[in-house]
Amino acid sequence: RIYEEIQKIEANEFHYQEQTDPIEFVENICENMQLFPKDDFLTGDQLMFEYDQEVISAALSLLTPDRSNLLLLSPENEGQCPLREKWFGTCYNMEDIPEEWAQRWAGDFEVNPGLHLPAENKFIATDFTLKEFDCPESEFPVRVVNNERGCLWYKKDNKFKIPKAYIRFNLISPMIQKSPENLVLFDIFVNILAHNLAEPAYEADVAQLEYKLVAGEHGLVIRLKGFNHKLPLLLRLIVDHLADFTAEPGVFSMFSEQLKKTYFNILIKPERLGKDVRLLILEHCRWSVIQKYQAVMKGLTVDDLMTFVGGLKAELYTEGLVQGNFTST
């Protein structure tokens, strides 16, 4: 099953791939000519053909611990590497794998239960039907939803005619710009939301669906693109994590420390600090990076974050754009 899933993903990507740079394309084909027979110059490095258990078993039989080469990279190795390579002068050392390790690997040992085959990937597209127009054709997006909580714009793909789509939502809230503390909490919120999504959205990434969360000046920008068949499933996953947002104290501390470094790095770069000061003069109601740095250094808590997120969700105006192989309804 896993082989078939990977085969399907690769086939989908190959048949609906976007145009690549001509020079890179020619270079890739030339490399393929050294590896594959003539009929497979275009497909040999992208498609998976018939399943051959014998070939796979032969390869796996060679992947044994006694054939392994381990690379240990750490600053703690400084002073313990007497050898020096000739090109860059990098210090290194080589030694045999300890006999104790080899004996342990050669015996029977319990496999970590966390290592298992993945469940079926529900994000793999299987429906590539092109949707029929259900509204008058227009050169520009048309607004199909408009109320006090938000609006939605729609544009049918009438040029490329492929089963892909692009979705963009901007979740706008006045809470974000009320104080430099709120701006910092918003940055932390977006970072933690992306962190919380990393594992559950991994299968979508494998299935060639793309998403990105961006902390805009006035709201959270959610961008998605890929095969339209399963794109709504990914959007629903993101919205569910947004609605049920949680933050572990350790994760909160990690991103707070990271923001301290980010803001400090801006402050020590004259060109970036100059840009921030210029925008501070030109724009009304703008908080400076210095104020944001002071806010994060003053100390914020998980409770502060959850209070902010509650207020953020209570005052949301959502503007969205759906473009590609979807209907307006």
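Parameters at a glance
- Residues numbered from 1 in each chain as written.
- Predicted model: local features only at pLDDT ≥ 70, side-chain atom pairs only at ≥ 80, totals over all residues.
- Heavy atoms only, no water.
- Helix = DSSP H or I, 4+ residues; strand = E, 2+ residues; numbered from the N terminus.
- Rg over C-alpha atoms; globule rule 2.2 N^0.38 Å.
- Buried < 20%, exposed > 50% of the residue type's maximum accessible area, 1.4 Å probe, protein only.
- Contact = heavy atoms within 4.5 Å.
- Areas by Shrake-Rupley, 256 points an atom, 1.4 Å probe, with all protein chains shown as cover.
- Lys, Arg positive; Asp, Glu negative; His and termini not counted.
- Charge placed at Lys NZ, Arg CZ, Asp CG, Glu CD.
- Patch = residues over 30% accessible without salt bridge, like charges linked within 9 Å, V, L, I, M, F, W, Y side chains within 5 Å.
- Salt bridge = Lys/Arg side-chain N within 4 Å of Asp/Glu carboxyl O.

- An unreviewed UniProt entry annotates the protein as Nardilysin b of Scomber scombrus.

1. Description of the overall build of the protein
Thought 1: Within the protein one finds 11 helices and eight strands.
Thought 2: For 329 residues, the compact-globule estimate of 2.2 N^0.38 gives 20 Å, and the protein exceeds it by more than 25% at 26 Å.
Thought 3: Its C-alpha atoms put the protein at 65 × 60 × 45 Å along the principal axes.
Thought 4: Counting only residues that meet the buried cut, the protein has 29% of its 329 residues in that class.
Thought 5: A sequence separation of at least 24 residues applies to 75% of the contacts in the protein between residues at least 6 apart.
Thought 6: In the form shown here, the protein has an accessible surface area of approximately 22,500 Å², with 56% of it arising from carbon and sulfur atoms.
Thought 7: For the protein, the distance from the average position of its 33 positive side-chain charges to the average position of its 51 negative side-chain charges is 9 Å.

2. Considering a positive patch on the surface
Thought 1: Residues Lys-269, Arg-272, Lys-275 and Arg-278 make up a contiguous surface patch of positive charge.
Thought 2: Topologically, Arg-278 is positioned in helix α9 (residues 270-282).
Thought 3: In this structure Arg-278 comes out as partly exposed when scored by relative accessible area, which is 47%.

3. Description of a negative patch on the surface
Thought 1: A grouping of Asp-21, Glu-24, Glu-27, Glu-31 and Asp-45 is seen on the molecular surface, where their side chains present a negatively charged patch.
Thought 2: Among the secondary structure elements, Asp-45 is positioned in the loop between α2 (22-33) and α3 (53-62).
Thought 3: Note on Asp-45: relative accessible area 37%, which makes it partly exposed.

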